[in-house]
Amino acid sequence: MTTEATAAPTSRTIWARRVTDGVEPKNVIIAVCLLMGTVRYGWTGLGWAAFAALFAAVIPTLFIQRGIRRGTLEDRHVGHRQRRLTVIPFIMGSVLISFAVMLWLGAPGDLTAMVAAMFASLIPILVITVWWKVSVHTAVASGAAVCLGIALGPLWLLLYPLVVLIGWSRVVLRDHTTAQTVVGAVVGALTAGLTFWAAR
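By convention here, each chain's residues receive numbers from 1 onward along its written sequence. In view of the model being predicted, local features appear only for residues whose pLDDT reaches at least 70, and side-chain atom pairs are presented and counted only at 80 or more, with totals across whole chains, interfaces and linings using the full set of residues. The basis for every side-chain value is the complete set of heavy atoms in the structure, and neither hydrogens nor water enter the calculation.

Examining the overall build of the chain
Then, in step 1: Scanning the chain for helices and strands turns up 8 helices and 0 strands.
Then, in step 2: Only DSSP runs of H or I with at least four residues qualify as helices, and only runs of E with at least two residues qualify as strands; both kinds are numbered from the N terminus onward. The order of α-helices and β-strands along the chain, N terminus first, is α-α-α-α-α-α-α-α.
Then, in step 3: Note that the radius of gyration is over C-alpha atoms, with the globule rule given as 2.2 Å times the number of residues to the power 0.38. Relative to a compact globule of 200 residues, whose C-alpha radius of gyration would be 16 Å, the chain shows 16 Å and is just as compact.
Then, in step 4: With respect to the three principal axes, the spread of C-alpha positions in the chain is 50 × 40 × 30 Å.
Then, in step 5: Between buried and exposed lies partly exposed: a residue is buried under 20% and exposed over 50% of the maximum accessible area for its type, with that area taken using a 1.4 Å probe on protein chains only. Here the chain holds 200 residues, and the buried ones make up 46% of them.
Then, in step 6: The contacts in the chain between residues at least 6 apart in sequence include a share of 75% that link residues at least 24 apart.
Then, in step 7: Computed with a 1.4 Å probe, the accessible areas rest on the Shrake-Rupley method; for each residue, only the protein chains presented here act as cover. Surface exposure of the chain reaches about 9,800 Å², of which carbon and sulfur atoms provide 71%. Any pair of residues with heavy atoms lying within 4.5 Å of one another is described as a contacting pair.

Rendered as structure tokens:
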């Protein structure tokens, strides 16, 4: 149980909770997929983006909710490090299925590359999580910002301060240390960015 959970909430922790919950990985993934799909490919891209988001965000969320109901997971952010070692492989499998289908059916290049970037990012996150609770929040947000910058232009990198805000919220809530949020952001940016650039 975290200190934030047992102490009386302050305006600082209330805002941190709003950021953590509002810009959680599934919301970022859905928003970025739909944005990129629509801007790059119109209505066709929107349909493929929804398909990618289904496997990368919606199905994993349903898996986590099921775990919460069964008592095997404690919260929507999967705060327990060792429990993440079950959740992350499931997400990887779900993302891999969508990637295979999109590749097979000839989905738009940038969307297929985005899904490949998601899968690639999860590999170092899983490895690090064996020993250390790296931040998935900052990894996803950082990777998303870099991929948008590559696909839609460098102005989209102006979203990057949002990654810093997300990291702040995770530290304030004592869900991560500053180092864990920084490493998550670096891993997300490098892995997703390089994979997306190479796969498009």
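A few points about the packing of helix α3 (residues 25-70) against helix α5 (residues 109-129)
Then, in step 1: Only the contacting stretch of a helix is used when fitting its axis, a line to C-alpha atoms as for every element, and angles between N-to-C directions run 0 to 180 degrees. Packing of α3 against α5 leaves a shortest axis separation of 11 Å and a crossing angle of 25°. Between α3 and α5, the angle falls in the class roughly parallel. Classified by chirality, the crossing of α5 by α3 is right-handed. Facing α3, whose interface residues are Ile29, Val32, Cys33, Met36, Gly37, Arg40, Tyr41, Gly45, Trp48, Ala49, Ala52 and Ala56, α5 presents Gly109, Asp110, Leu111, Met114, Val115 and Met118. Angle categories: roughly parallel below 35 degrees, roughly antiparallel above 145, roughly perpendicular from 65 to 115, and oblique for all the rest. Should the near helix be turned anticlockwise from the far one by less than a right angle, the crossing is termed left-handed; should it be turned clockwise, right-handed.

Some words on the packing of aromatic side chains
Then, in step 1: Two aromatic rings, drawn from Phe, Tyr or Trp (for Trp, its six-membered ring), form a pair once their centres lie within 6.5 Å of each other, and the interplanar angle then sorts them: stacked below 30 degrees, edge-to-face above 60, tilted otherwise. Scanning the entire structure with this criterion turns up 3 aromatic pairs.
Then, in step 2: Note on Phe51 and Phe55: the rings are 5.0 Å apart at their centroids and 50° apart in plane angle, and the pair reads as tilted. Note that Phe51 and Phe55 are positioned in helix α3 at a spacing of 4 residues, about one turn of the helix.
Then, in step 3: Seen from their ring centres, Phe63 and Phe90 are 3.9 Å apart, and the 10° between their planes marks the pair as stacked. Of the two residues, Phe63 is situated in helix α3 and Phe90 in helix α4 (residues 81-105); the sequence distance between them amounts to 27 residues.

Description of the packing of α5 against helix α6 (residues 136-152)
Then, in step 1: Two elements in contact, α5 and α6, have axes separated by 11 Å at closest approach and are oriented at 150°. In terms of orientation, α5 and α6 fall into the roughly antiparallel class. The chirality of how α5 crosses α6 is right-handed. Seen from α5, the contacting residues are Asp110, Met114, Ala117 and Ile125; seen from α6, they are Val136, Ala139, Cys147 and Ala151.
Then, in step 2: Ten residue types, Ala, Val, Leu, Ile, Met, Phe, Trp, Tyr, Cys and Pro, are classed as nonpolar, four, Asp, Glu, Lys and Arg, as charged, and the remainder, Gly among them, as polar. Its residues placed into classes, the contact of α5 with α6 shows 7 nonpolar, no polar and 1 charged.

Here we look at the layout of surface pockets
Then, in step 1: When its volume is computed, the largest pocket comes out at roughly 630 Å³.
Then, in step 2: Buriedness of a pocket was judged along seven lines, with at least five required to meet protein on both sides within 12 Å; pockets are open sets of points on a 1 Å grid over the protein atoms alone, cavities are sets where a 1.4 Å probe fits but cannot get out, and lining residues have an atom within 4 Å of a point. If you trace the largest pocket, you find 34 residues lining it, with Pro25, Lys26, Ile29, Val136 and Val140 closest to the centre.
Then, in step 3: Residue assignment for the lining of the largest pocket shows that the elements contributing at least two residues are α3, α4, α5, α6 and α8 (178-199).
Then, in step 4: A total of 10 residues in the lining of the largest pocket trace back to one element, the largest contributor, which is α3.
Then, in step 5: Residue classes in the lining of the largest pocket are distributed as 23 nonpolar, 7 polar and 4 charged. Grid points are joined across faces, edges and corners, and a volume is the space filled by probe spheres set on the points.

Re helix α7 (residues 161-172)
Then, in step 1: The span one expects for a helix is its residue count, reduced by one, times 1.5 Å. When the terminal C-alpha atoms of α7 are compared, their 17 Å separation across 12 residues agrees well with the 16 Å that a helix rising 1.5 Å per residue should span.
Then, in step 2: Listed as buried for α7 are Val163, Ile166, Gly167, Ser169, Arg170 and Val172.
Then, in step 3: Buried residues in α7 make contact with α2 (11-22), α4, α6 and α8.

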